[in-house]
Amino acid sequence: MEKPSRAIFITVELILAIFTATMAVKISTDEIPQRKVAVIVEDSGNSKWDSYVKGLKDAAKANNLHLVICNTDKGLNPEEEKELMEEQESKGVSGFILQQAQGSGGQVILDSFHEPILLNFCRLTDPPMKKTYPLIAPDNEKLGEKLGECIVEGYNGKLEGRRVGVVCAASSPKVMMQRQKGLQRVLEKAGGKIAWTLYREDDTGISDAVRSRSGVSAIAVLDTESLEEMADAAAAHDVHGAVVYGIGASIKTVYSLENESIAGLVTADLYDMGYRSVTAMAQYLSGSKKALKDQSIEIISPKKNELFSEKYQTFLATMER
Amino acid sequence: MKDYFFRRIKKRFFPYRMKQVPGFGIQAMIMMAMTAITIVITVTLGLLLFNSYSKSLMKLTLQDTDSLMDRTVDNLQGELLDMRNISNTVNYNLIQALDVKNPQLTQQLGLLYESARDSVVSIALYSNTGSLIMSEPSLNQKEDPNVTRQPWFMDAASEIENMHFSMPHIQNLFQNASDPYHWVISLSRSVDLTDGDAPSTGVLLVDMDYGRIKEIMEQINDNADGKYYYLCNNRGQLIYHPCMDQIKRGLLKENSLYMSSKVDGSYRDVLHSMKRYSRVKTISYTGWKLVGVVPDNVIRSSMKRFRYFILTAGGLLIMMLLLVNRMIARRISLPILTLNESIRAYEAGETPNIYAGGSAEIRYLGRSVQKSYEEIDHLMKQIVEEQNQRRKSEMAALQSQINPHFLYNTLDSITWMVEGGKNDEAVRMISQLARLLRISLSKGHTIISIDDEIRHCESYMSIQSIRYKNRFRFRCEIDREIRKYSTVKLVLQPLLENAIYYGVGDMDEDDGGEIVVRGRMQGDEICLTVEDNGNGMTGEELDNLLSEDEKVPKHGSGVGVINVHNRIRLLFGQRYGITAESEPDEGTTITVHLPAILYSEEKRREMERQMKRKGERL
């Protein structure tokens, strides 16, 4: 009886020792480590991202993610983006949320990373292709269409024979092209015509180029920074009497609508884009492999007299720093 | 033979000791009992501790929340009171004291604004038609702010006796390109204006910087460690919430409507399937509710760590207690186990002694077992001895029945008688011999009647008288009544033989040797005596007469007397047997004590069966 009893005793003591050690280890390692997600957008300090960044941060807090917003300047190219991604990869990020940098070889660069990648704003390479990255962004063609509808509405639907000038950012040709496509479709349907298209360079601006052009009833501006510049020009009566409409996502563009420097504003809910992006990434990292999929962001077109309604106050609240 | 009997008797009395007793050993049982107690106590203590800790933690968390909320309420009330004081100062000290066109009013208002500009965005006075009368800072009013349609104006106009705090909103009054959308909380009230001689009413608006409220609320929400605090009005509309944007966009929900209806206190509610404690405190002047939310998972998270701690401590405690239990169990059980082993060894014949160590009880037990075993041994030896004696007695009895020497002498005497022409005497001797043999055989019975025993004696003595040529006399004085009682057969013949051989056999006819057999009833027993007046015995010989020790000197061999004595005791018990009295040169009297049992065939069979059973058991 002695030997089996001793064996049982030793076995029980060993099991208890293992159990106790496991519990002791768990006391110190109970914290669930936060996963890191890196966000790379061009010119990350620009106020136009305020709403977007707020959405990112709120979602990161709600999903217990550690968000790393990489510091970038204007004109982010694929090589710089790759360097940032490699740096973050070496710091152990679990996923990337990117604005895909303009330039050749972007797709190839993204393919070299193993972490999940979610694109915002636009996807520069359309399917079919070897690997498709999910995109959460407003539909750029619809943005253009909405802007077109805004212009048509501004002329009470009577756009027949009217000429419209287009101003867009030179740095995002793909996005601009999509927006212009939607815009053109609506304008042409209403009888309008695009007279000219000007591309704004970040360092030179567009006011001078627009000042040299005349003969348009309206100017459609397809990006935030161009719209802010054109709003200033319109406030200074420097657009040959043309009415400015635009796509923008900053407080200044909203204020321009309120003080009637611009006649119409179309914007996307960037807070929603940021929030959805981080939420989808968090779900993916938690094991929901279908969470990373294309999603479209709501497009809104506030009217001046609605700006202080509860709906738009909520929208404005996220735009503020 | 002796070992065989030992084994048989041991097997009969201790059958279970020959094989391993099934089940747990005493050490295992003590260990299991103590382990069960240890586990029950440890688990109970752990649960009690855990329960107590969780309650304390809950209490502490709620107390922390409470004290933090108290401070926040004080801060918020301080801010709101400041606004009220500004509004009251403007109203009672400026507007009611000065004409609206009085430049001093504007000047005093400017000074007041400057002193409070950290928390006040603007102070403005409107007529009851919504026209701006004056404002600080002096900014251009927007083209058409539609003041009369703004909630703060409508509240002031509808309830003129009260001050009204609005919900946070973007100020829509003044042009300010650098900071166009300012979030404010408006404090508005209806005021009486003096405009020259015409009194009128207006609305005084103090726009408080919402950032002040936000800052206070953010302070308590920072590092809230899972808890959070929000502010709502008495209709459940959110004034501040750490997830304000998500809630307004419908991404999250909050039970603010439910909580706004509650008086100050703690409440349990459920949101997004999450149970939580919500603490409500009311802000004075406004009816706003500050709500502190402590989700259960926050407490569970703290409890989780403590649970691991309890499990670790419990595991260690059980480990240590098991070790101590084992040591105690060993200490308690070791003497018992040693006793057990020594009993086994004793049974196996490996050791002559039983262990008698350890505690007093075990020592006592060991000594008792030892004593019991010794007594058993003694009894077994006695039984074996008795058995052997019985066999010896039976053999002796058998030998007595057919004594070849006696038979030869008798037959030799008969031959001489016949040759000498003493035919009558020869016939009488043959007849006596025949009767002697018949009674000796008794059809193999052990029990006979006293009558037969006496007749057997008479035949025997008749033959011996012829052989000893009547050198002694013989007579029987037997009470008639005892003849029908039972006796073991052939108890008198050995005594008579002894009386002849060692008593009167060597005497001459003139010496008057005599042997008398007497029989009488004495109480509940029968006494048969064989009395001779022969040589007698010394005291020592008499003492050794019934001794079984073969080494002691005896009167003759002494075997015959002892055999008779043992046979009687074997059958009838220890109180019966033989007693002897003797004096040297005086004679000897041997008395046979028998129970008074009437002889019958049935009694005989019963007694012989009893004898047989005793023989088998032995």
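Rules and cut-offs
- Residues numbered from 1 in each chain as written.
- Chains lettered and ligands numbered in written order.
- Predicted model: local features only at pLDDT ≥ 70, side-chain atom pairs only at ≥ 80, totals over all residues.
- Helix = DSSP H or I, 4+ residues; strand = E, 2+ residues; numbered from the N terminus.
- Buried ≥ 20, exposed ≤ 12 C-beta atoms within 10 Å, placed from the backbone.
- Contact = placed C-beta atoms within 7 Å.
- Pairing = 2+ DSSP bridges.
- Right-handed = clockwise from strand over helix to strand, strands pointing away.
- Nonpolar A, V, L, I, M, F, W, Y, C, P; charged D, E, K, R; others polar.
- Expected span 1.5 Å × (residues − 1).
- Core = buried A, V, L, I, M, F, W, Y, C linked by C-beta atoms within 7 Å.
- Domains from an automatic or database assignment.
- Axes fitted to C-alpha atoms, helices over the stretch in contact; angles between N-to-C directions.
- pLDDT = per-residue confidence, 0-100.
- Parallel < 35°, antiparallel > 145°, perpendicular 65-115°, else oblique.
- Left-handed = near helix turned anticlockwise from the far one by under 90°.
- Bend = angle between axes of the 7 residues up to and from the residue.

Helix and strand content of chain A: eleven helices and twelve strands. The 321 residues of chain A split such that 44% are buried. Summarising the internal contacts of chain A: among those between residues at least 6 apart in sequence, 73% fall at separations of at least 24.

Moving on to the overall build of chain B. When its secondary structure is counted, chain B shows 16 helices and 18 strands. Put simply, chain B has 618 residues, and 30% of those count as buried. Excluding contacts between residues fewer than 6 apart, the proportion of contacts in chain B whose partners are at least 24 apart in sequence is 64%.

Residues and elements named next belong to chain A. Pairing analysis gives seven bridges linking strand E6 (residues 163–169) to strand E7 (residues 193–200), with the strands arranged parallel. Bridge pairing in E7 places Val-166 opposite Thr-197. Taking the sense of rotation as the criterion, the β-α-β connection linking E6, helix H6 (residues 173–189) and E7 turns out right-handed.

In this section: the interface of chain A and chain B. Between chain A and chain B, the contact holds 27 residues from the first and 27 residues from the second. Every element with two or more residues in the side of chain A that touches chain B is listed here: helix H1 (2–28), helix H2 (50–62), helix H9 (251–258), helix H10 (270–285) and helix H11 (310–319) of chain A. Sort the elements by how many residues they give to the side of chain A that touches chain B and H1 of chain A lands first, with twelve residues. Tallied by class, residues from the side of chain A that touches chain B come to 16 nonpolar, five polar and six charged.

Another point: unusual backbone geometry. The linkage connecting Glu-136 of chain B with the following residue, Pro-137 of chain B, adopts the cis geometry, with an omega of -5°. Relative to the helices and strands, Pro-137 of chain B is located in the loop between strand E2 (132–136) and helix H4 (151–158). Phi angles above zero are rare outside glycine, and Asp-43 of chain A is one such case at about 55°. By the secondary structure assignment, Asp-43 of chain A is in the loop between strand E1 (35–40) and H2. The exposure class of Asp-43 of chain A is partly exposed, given the 18 C-beta atoms found within 10 Å. Notably, Asn-156 of chain A is not glycine yet its phi reads approximately 50°, a positive angle. Positionally, Asn-156 of chain A belongs in the loop between helix H5 (140–154) and E6. Taking the C-beta count within 10 Å as the criterion, Asn-156 of chain A has 7 such neighbours and is therefore assigned exposed.

Residues and elements named next belong to chain A. For helix H8 (residues 224–235), built from twelve residues, the straight-helix expectation of 16 Å at 1.5 Å per residue is met to within 8% by its first-to-last C-alpha distance of 16 Å. Burial analysis of H8 places nine of its twelve residues in the buried class, the great majority of the element. When H8 is considered as a whole, its buried residues turn out to be Thr-224, Glu-225, Ser-226, Leu-227, Glu-228, Met-230, Ala-231, Ala-233 and Ala-234. Elements in contact with the buried residues of H8: E6, E7, helix H7 (207–211), strand E8 (218–221), strand E9 (243–247) and H9. Positioned one or two residues after H8, His-237 has a phi angle of 55°, which is positive.

Our focus in this paragraph is the nonpolar core. General note: in soluble globular proteins, nonpolar side chains tend to be found buried as a group. Within the largest apolar cluster, 85 residues are counted, with the highest numbers of intra-cluster contacts made by Ile-219, Ala-220, Met-230, Val-244 and Val-278 of chain A. For this core, the element with the highest residue contribution is H10 of chain A, accounting for eight residues. Here this core spans two domains, since at least three of its residues come from each of domain 1 (35–133 + 270–319) and domain 2 (140–268) of chain A. Among all residues touching Ile-219 of chain A, those that are not within four sequence positions of it are Gly-165, Val-167, Val-210, Met-230, Val-239, Ala-242 and Val-244 of chain A. Of all hydrophobic cores here, the second largest spans 58 residues; its members include Val-121, Tyr-210, Met-244 and Ile-299 of chain B.

This paragraph deals with the pairing of strand E16 (residues 525–532) of chain B. All names here are of chain B. Across eight bridges, the pairing between strand E15 (residues 513–522) and E16 is antiparallel. Note on E16: the bridge partner recorded for Met-521 is Ile-526. Between E15 and E16, which pair antiparallel in sequence order, lie two residues; one of them, Gly-523, sits at a positive phi of approximately 70°. Pairing analysis gives eight bridges linking E16 to strand E18 (residues 587–595), with the strands arranged antiparallel.

Attention now moves to the sheet that holds strand E10 (residues 264–268) of chain A. Residues and elements named next belong to chain A. A sheet is described by the order of its strands in space; here six strands give the open sequence E7-E6-E8-E9-E10-E12, paired in mixed fashion. Each edge of the open sheet is held by one strand with a lone partner, namely E7 and strand E12 (299–300). As paired elements, E8 and E9 share four bridges and run parallel to each other. Its bridge partner lying in E9, Ala-218 is registered against Val-243. Here H6 sits on the sheet and contacts E6, E7, E8 and E9; the angle it forms with E6, its principal contact strand, is near 165°.

On to the environment of Val-516 of chain B. The topology assignment puts Val-516 of chain B in strand E15. Separated by 13 residues in sequence, Val-516 of chain B and Thr-529 of chain B place their C-alpha atoms 7.8 Å apart.

On to the confidence of the model for chain B. Residues and elements named next belong to chain B. When pLDDT is averaged along chain B, the result is 85; 91% of the residues meet or exceed 70. Ignoring residues within four places in sequence, the model shows residues 15–19, a span with pLDDT below 50, making three contacts including any to other chains. This prediction of the complex comes with two scores: 0.66 for pTM and 0.84 for ipTM.

This part covers the packing of helix H2 (residues 26–95) of chain B against helix H8 (residues 296–347) of chain B. Residue and element names in this part refer to chain B. For the pair H2 and H8, interaxial distance at closest approach is 8 Å and the crossing angle is 160°. Considering the angle they form, H2 stands roughly antiparallel to H8. Read as a crossing pair, H2 and H8 show a hand that is right-handed. Its residues assigned to classes, the contact of H2 with H8 comprises 23 nonpolar, eleven polar and three charged.

Residue and element names in this part refer to chain A. Between H8 and H9, whose axes approach to 9 Å, the crossing angle comes to 40°. In this view, H8 runs oblique relative to H9, as classed from their interaxial angle. When you trace H8 past H9, the crossing you get is left-handed. Each of Thr-224, Leu-227, Glu-228 and Ala-231 in H8 lies in contact with H9, whose residues at this interface are Lys-252, Thr-253 and Ser-256.

Turning our eyes to something else, we now look at H8 of chain B. All names here are of chain B. Considering bend angle alone, the principal kink of H8 is centred on Ser-333 and spans about 40°; proline Pro-335 follows within four residues of it. Turning to H8, its buried residues are Ile-299, Gly-314, Gly-315, Ile-318, Asn-325, Ala-329, Ile-336, Leu-339 and Ser-342. Once H8 finishes, Gly-349 follows within two positions and takes phi at roughly 80°, a positive value.

Let us now look at the sheet that holds strand E5 (residues 135–138) of chain A. Residues and elements named next belong to chain A. Ordered by their spatial adjacency, six strands build an open sheet running E2-E1-E3-E4-E5-E11, and the pairing between neighbours is parallel. Of all strands in the sheet, those with a lone pairing partner are strand E2 (65–69) and strand E11 (295–297), marking the two edges. Between one strand and the next, the sheet's axes are offset by a mean angle of 20°, whatever the strand orientation. Here E5 runs beside E11; their pairing, made up of three bridges, is parallel. Bridged to Pro-138 within E11 is Ile-297.

All right, on to the environment of Leu-337 of chain B then. Residue and element names in this part refer to chain B. In this structure, Leu-337 sits in helix H8. Given 18 C-beta atoms within 10 Å, Leu-337 falls into the partly exposed group. Taking C-alpha positions, Leu-337 is 8.4 Å from Gln-27, a pair spaced 310 residues apart along the chain. Not counting the four nearest positions on each side in its chain, Leu-337 is found in contact with Ile-26 and Gln-27.

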